[in-house]
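A structural walkthrough
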Amino acid sequence: MTPELGVTTASGAYPVIVSAGALEQLPERLGALGLRGVLWLVSDAAVAAAYGAALAARLSQAGYQVQHCTVPSGEASKSQEQLWRLYDWMIGNGVERRDVVLALGGGVVGDLAGYAAATVLRGIAVVQLPTTLLAMVDAAVGGKTGINHPLGKNLIGAFHQPRLVLADTHTLATLPRRELCAGWAEVIKHGVIREAGLFAELEQLAAQRGWTETGFSGWNAEDPELTGRLTALIRRAVAVKVEVVSRDEREQGERIILNYGHTIGHAVEALVDDWALLHGEAVAIGMHAEARIAAAMGLCDPALVERQRRLLAAYGLSVTLPANLDPEAVLTLALRDKKVRAGRIRWVLPTAVGNVTVRDDVPETTVRAVLGG
Ligand SMILES: NC(=O)c1ccc[n+]([C@@H]2O[C@H](COP(=O)([O-])OP(=O)(O)OC[C@H]3O[C@@H](n4cnc5c(N)ncnc54)[C@H](O)[C@@H]3O)[C@@H](O)[C@H]2O)c1
């Protein structure tokens, strides 16, 4: 079996497995954890078509009773309507406390199914089976679950740690390239905040493959050397999240460093028309702006800004603020960010590759200058 990472929190410890072909281990892993109740498999339409039926069959063959429900693909499924559909399905079919929800999909399915598991019968077990790069390196680990409210994203939810996270990088072969690139933003972010070695390896791979000129060429399942190296890099990025979450389960301290690039990124994401940017694409723009803020304040060498920009470009990510975006509107929205304390934005700013500092004394003029020019 693949060597595993492990989250340890006050609410429990769980293994995190990242490997090519990891889903094959699922029946055995569930058994080893003593999870033997009915399995309530939730996926979205795209993921169900590619992996849902095969996984359900594998689990049935291993002797599990499996129920499968599909929600529409996309952010709109993090809704009261889809949550209630899951409750109706589970309660109508006799869900019991010892049962297990399997969340097979991206962050949308992970958040929605995770929240259903957190709340049905006052909480049953959930296993996260992420199939997007973003969900692997971010959403599936850490126990944040929830749905959106018409007044804002992620406003209703609960911390509910999974019993197991199993990320099968084979599933990335079918993920659209744009979604994959958006996920690389979070991988690179983990390098900047905590792991200079991961950052350097991402640079080396990009240089060897010529992506520095052309941008990431996509997941190539026919190239085992490449998929092996990418899987190892993804595992290292997941390890950063595992470590941070283990130290700060409920986001009361250190976990804020995962917010690097998100203060500006969230605002940009919300302000572009029709949510035209993917989350990771907005985070890449945010990382660039926030690195420039750090450089402008003398916190880091200005060379870091360019090094990070080149790496983001190599993995298919632009750092340019969309045209016609009003910097004042970005600033106003950033001020409403959840990480604001006593009216002051808590900025996560790089001091070197692999290190960040949290500051609440960034002058608005500096932010304006960075956003405006
Ligand atoms: N809980 C957390 O800590 C946390 C952290 C970050 C983000 N999130 C949430 O995650 C969500 C975004 O997640 P996402 O980017 O994974 O989006 P997503 O779940 O919408 O998936 C993106 C698209 O890819 C498709 N897809 C997924 N896996 C596929 C595969 N292997 N092959 C082909 N298509 C596939 C989906 O059907 C969807 O259309 C947001 O709602 C965000 O709030 C949560």
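Structure report, in brief. (Residues numbered from 1 in each chain as written. Predicted model: local features only at pLDDT ≥ 70, side-chain atom pairs only at ≥ 80, totals over all residues. Heavy atoms only, no water.)

This part covers the overall build of the protein chain. Of regular secondary structure, the protein chain possesses 14 helices and 11 strands. Computed over the C-alpha atoms, the radius of gyration of the protein chain is 20 Å, within 12% of the 21 Å expected from 2.2 N^0.38 for a compact globule of 373 residues. With respect to the principal axes defined by its C-alpha atoms, the protein chain has extents near 60 × 45 × 35 Å. For the protein chain, the proportion of its 373 residues judged to be buried stands at 55%. Taking the contacts inside the protein chain whose residues are at least 6 apart along the sequence as the reference set, 75% of them involve residues at least 24 apart. Total accessible area on the protein chain stands at roughly 15300 Å², and carbon and sulfur atoms take up 50% of it. Of the charged side chains in the protein chain, 35 are positive and 39 negative, and the gap between their average positions amounts to 4 Å. (Helix = DSSP H or I, 4+ residues; strand = E, 2+ residues; numbered from the N terminus. Rg over C-alpha atoms; globule rule 2.2 N^0.38 Å. Buried < 20%, exposed > 50% of the residue type's maximum accessible area, 1.4 Å probe, protein only. Contact = heavy atoms within 4.5 Å. Areas by Shrake-Rupley, 256 points an atom, 1.4 Å probe, with all protein chains shown as cover. Lys, Arg positive; Asp, Glu negative; His and termini not counted. Charge placed at Lys NZ, Arg CZ, Asp CG, Glu CD.)

Evaluated as defined, the whole model comprises 23 salt bridges. Across the salt bridge formed by Glu281 and Arg178, the nearest N and O atoms sit 2.7 Å from each other. Taken together, the residues span a long stretch of sequence, with Glu281 in helix α11 (residues 279-296) and Arg178 in helix α6 (residues 177-194) at a distance of 103 residues. Residue Arg178 is classed as partly exposed on the basis of its relative accessible area, which comes to 42%. The shortest N-O distance in the salt bridge between Arg194 and Glu254 comes to 2.3 Å. Residue Arg194 is located in helix α6, and its partner Glu254 is located in the loop between α9 (224-247) and α10 (262-271); the two are separated by 60 residues in the primary sequence. (Salt bridge = Lys/Arg side-chain N within 4 Å of Asp/Glu carboxyl O.)

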